[in-house]
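Residues per chain, in single letters:
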Amino acid sequence: MPEIMRIRMLAMIDTELKEVEGSISNNKVWACAAETPEEEYMFEGNIMELQEYQDFLLRLREQIVEGKIVL
């Protein structure tokens, strides 16, 4: 992968990781403030999905850093 492409991909992933971290944090707050068990369950489900996405992004970032992604 050309260096400029690698730099841009890492920047995009880092930006998305920050966004996901904020979404996880927000959902934790909303889960604590939920008015019903169903609402709390929904926010907890969102957190789980966001954490899976975060893990995916971290794995992708690692592969890019290690040069394992070929275009």
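Rules and cut-offs
- Residues numbered from 1 in each chain as written.
- Predicted model: local features only at pLDDT ≥ 70, side-chain atom pairs only at ≥ 80, totals over all residues.
- Heavy atoms only, no water.
- Salt bridge = Lys/Arg side-chain N within 4 Å of Asp/Glu carboxyl O.
- Helix = DSSP H or I, 4+ residues; strand = E, 2+ residues; numbered from the N terminus.
- Buried < 20%, exposed > 50% of the residue type's maximum accessible area, 1.4 Å probe, protein only.
- Core = buried A, V, L, I, M, F, W, Y, C linked by side-chain atoms within 4.5 Å.

Novice: I tried to follow the pattern of salt bridges on my own but got confused; where do I start?
Specialist: Pairs can form between side chains of opposite charge once their charged atoms are near each other. Counted according to the given criterion, the structure contains three salt bridges. Here Glu 3 makes a salt bridge to Arg 6, at a shortest N to O gap of 2.7 Å. In this pair, Glu 3 and Arg 6 are both assigned in helix α1 (residues 3–32), three residues apart and thus about one turn of the helix distant. Given the relative accessible area of 23%, Arg 6 is considered partly exposed. Glu 66 is the partner of Lys 68 in a salt bridge, and the nearest nitrogen-oxygen pair spans 3.0 Å. Judged by relative accessible area, which is 42%, Glu 66 ranks as partly exposed.

Novice: Any chance you could explain the environment of Ser 23 here in plain terms?
Specialist: Turning to its location among the elements, Ser 23 is positioned in helix α1. Ser 23 sits in the partly exposed class, given a relative accessible area of 22%. Along the backbone, Ser 23 and Glu 44 are 21 residues apart, and their C-alpha atoms lie at a distance of 12 Å.

Novice: I'm lost on the nonpolar core in this one. Help?
Specialist: One broad trend across soluble globular proteins is that nonpolar side chains are buried collectively. Counting residues in hydrophobic clusters, the biggest one holds nine residues: Leu 10, Ile 13, Leu 17, Val 20, Ile 24, Ile 47, Leu 50, Leu 57 and Ile 64. Contributing elements (two or more residues each) for this core: α1 and α2 (37–66). Per-element tally for this core: the top contributor is α1, with five residues.

Novice: Sorry, what's going on with the environment of Glu 49 here?
Specialist: Its place among the elements puts Glu 49 in helix α2. Sequence separation between Glu 49 and Leu 10 is 39 residues, and the spatial gap between their C-alpha atoms is 22 Å.

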